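One-letter residues, chain by chain:
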Amino acid sequence: MATRLKQAVRWGGLLALGIGYALLSHRAAASTMPDLQGALVALAPLLALGFVLAWRSQQRALMLALSLAACAVIYGLKNWLIAHYNWVFLLQHAGTYALLCAAFGKTLQRGGTPMISRFASIVHGSLTPALARYTRAATWSWTFYFGATAGLSLLLFWLAPVAVWSTFANLLGMPLLGLMFVGEYAARCYALPASERAGPLAAIRAYHQSVSEDRARRP
């Protein structure tokens, strides 16, 4: 019971953090008067990711020093960033979805194992022919979704007012992703028997368990 409560609090906190950042991002991106606060909102995820990776690096001191140097360079470019920080938002949104599209699509090459098939094998072990066919089709669906989202993001940023692009990228991003998960799971329930289904949370837990066990086996 305590474990479930802890997981619920963790997921609730992550959801609240995501919603809060999306609202701040939309406010900054749609603002007609760019300022330093908006630039900091745009750069915060990249800076945080950089410091986390530096902290986890085997060469922690060097990587942290490089991260601080990068912050100094960014500070030197602050005037340019204040005027153009919407490009940082675009890079985060369209770039993330483009990378996901490439990552999922690469696994669909001949001889590869589709990404959703990898997740399913962590949960179920060996895959039945029906589950293998479904997970390949699901990987195609996610690849198309990620690619279409990245492409639409670029088109809206280029052709529409920034406020319209920001509404799509920052306010509708999470709801659309949630709808994609719901739709994919509904298709899974229709196409597969109950014994071969696993929800997204089960796949995430299995993946983290697999990563933890792999790290524990390393010298």
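Below: a short report on this structure. (Residues numbered from 1 in each chain as written. Predicted model: local features only at pLDDT ≥ 70, side-chain atom pairs only at ≥ 80, totals over all residues. Heavy atoms only, no water.)

Evaluation of the coordinates by the stated rule reveals one cavity of 30 Å³ or more. Roughly 30 Å³ of volume is contained in the largest cavity. What lines the largest cavity is simply His-93, Tyr-97, Tyr-145, Thr-149, Phe-168, Leu-172, Gly-173 and Leu-176. Only helix H4 (78-106), helix H6 (129-159) and helix H8 (173-191) provide two or more residues apiece to the lining of the largest cavity. (1 Å grid on protein atoms, 1.4 Å probe; cavity = no way out; pocket = protein on both sides within 12 Å on 5 of 7 lines; lining within 4 Å. Points joined across faces, edges and corners; volume = space filled by probe spheres on them. Helix = DSSP H or I, 4+ residues; strand = E, 2+ residues; numbered from the N terminus.)

Next up on the list: the pattern of salt bridges. Pairing is possible between side chains that carry opposite charge, provided their charged atoms lie close to one another. According to the stated counting rule, one finds one salt bridge in the structure shown. Measuring nitrogen to oxygen at the nearest pair gives 2.7 Å for the salt bridge that ties Glu-184 to Arg-188. Of the two residues, Glu-184 and Arg-188 both sit in helix H8, four residues apart, roughly one turn of that helix. Residue Glu-184 is classed as buried on the basis of its relative accessible area of 10%. Accessibility expressed as a relative area gives 13% for Arg-188, which makes it buried. (Salt bridge = Lys/Arg side-chain N within 4 Å of Asp/Glu carboxyl O. Buried < 20%, exposed > 50% of the residue type's maximum accessible area, 1.4 Å probe, protein only.)

This part covers the layout of surface pockets. In this structure, the second largest pocket occupies an estimated 160 Å³ of space. Taken together, Leu-36, Ala-39, Leu-40, Leu-43, Leu-47, Cys-71, Ile-74, Tyr-75, Lys-78, Leu-81 and Ile-82 make up the lining of the second largest pocket. If you list the elements that add at least two residues to the lining of the second largest pocket, you get helix H2 (36-56), helix H3 (60-76) and H4. Among the elements that make up the lining of the second largest pocket, the one with the highest residue count is H2 (five residues). For the lining of the second largest pocket, a count of residues per class yields ten nonpolar, no polar and one charged. (Nonpolar A, V, L, I, M, F, W, Y, C, P; charged D, E, K, R; others polar.)

Before going further, it helps to spend a moment on helix H5 (residues 115-124). Taken together, the buried positions of H5 are Met-115, Ile-116, Ser-117 and Ala-120. Buried residues in H5 make contact with H4, H6 and H8. Phi turns positive, to about 85°, at Gly-125, one or two residues after H5. (Contact = heavy atoms within 4.5 Å.)

Within the secondary structure layout, Ala-169 lies in helix H7 (residues 162-171). Ala-169 sits in the buried class, given a relative accessible area of 8%.

Turning our attention to the packing of H2 against H4. Put simply, H2 and H4 touch, their axes get as near as 9 Å, and they point 30° apart. Relative to H4, the element H2 lies roughly parallel. Crossing hand, H2 versus H4: left-handed. Residue-level contacts link Leu-36, Gly-38, Ala-39, Val-41, Ala-42, Leu-43, Pro-45 and Leu-46 of H2 to Leu-81, Ile-82, Tyr-85, Val-88, Phe-89 and Gln-92 of H4. Of the residues belonging to the contact of H2 with H4, the class tally is twelve nonpolar, two polar and no charged. (Axes fitted to C-alpha atoms, helices over the stretch in contact; angles between N-to-C directions. Parallel < 35°, antiparallel > 145°, perpendicular 65-115°, else oblique. Left-handed = near helix turned anticlockwise from the far one by under 90°.)

Here Thr-107 lies in the loop between H4 and H5. At a separation of 2.6 Å, a polar atom in the side chain of Thr-107 contacts the main-chain carbonyl oxygen of Phe-104. In contact with Thr-107, other than residues within four places in its own chain, are Gly-112, Thr-113, Pro-114, Met-115, Arg-118 and Thr-139. (Polar contact = N/O pair within 3.5 Å; in protein donor to acceptor, adjacent residues only side chain to side chain.)

Attention now moves to the nonpolar core. By size, the foremost hydrophobic cluster in this structure holds 19 residues, and its most contacted members are Ala-42, Tyr-85, Val-88, Phe-89, Leu-90, Leu-156 and Trp-165. Residue assignment for this core shows that the elements contributing at least two residues are helix H1 (2-30), H2, H4, H6 and H7. If we ignore the near neighbours within four places in the chain, the residues touching Trp-165 are Ala-29, Phe-89, Leu-90, His-93, Ser-153, Leu-156, Phe-157 and Asn-170. Membership of the second largest hydrophobic core comes to 14 residues, among which are Tyr-97, Ile-116, Ala-138 and Ala-150. (Core = buried A, V, L, I, M, F, W, Y, C linked by side-chain atoms within 4.5 Å.)

A contiguous nonpolar surface patch, about 680 Å² in accessible area, is contributed by Leu-15, Ile-19, Leu-23, Leu-171, Leu-172, Met-174, Leu-176 and Leu-179. Elements with a contribution of two residues or more to the nonpolar patch: H1 and H8. Here Leu-23 is to be found in helix H1. (Patch = residues over 30% accessible without salt bridge, like charges linked within 9 Å, V, L, I, M, F, W, Y side chains within 5 Å. Areas by Shrake-Rupley, 256 points an atom, 1.4 Å probe, with all protein chains shown as cover.)

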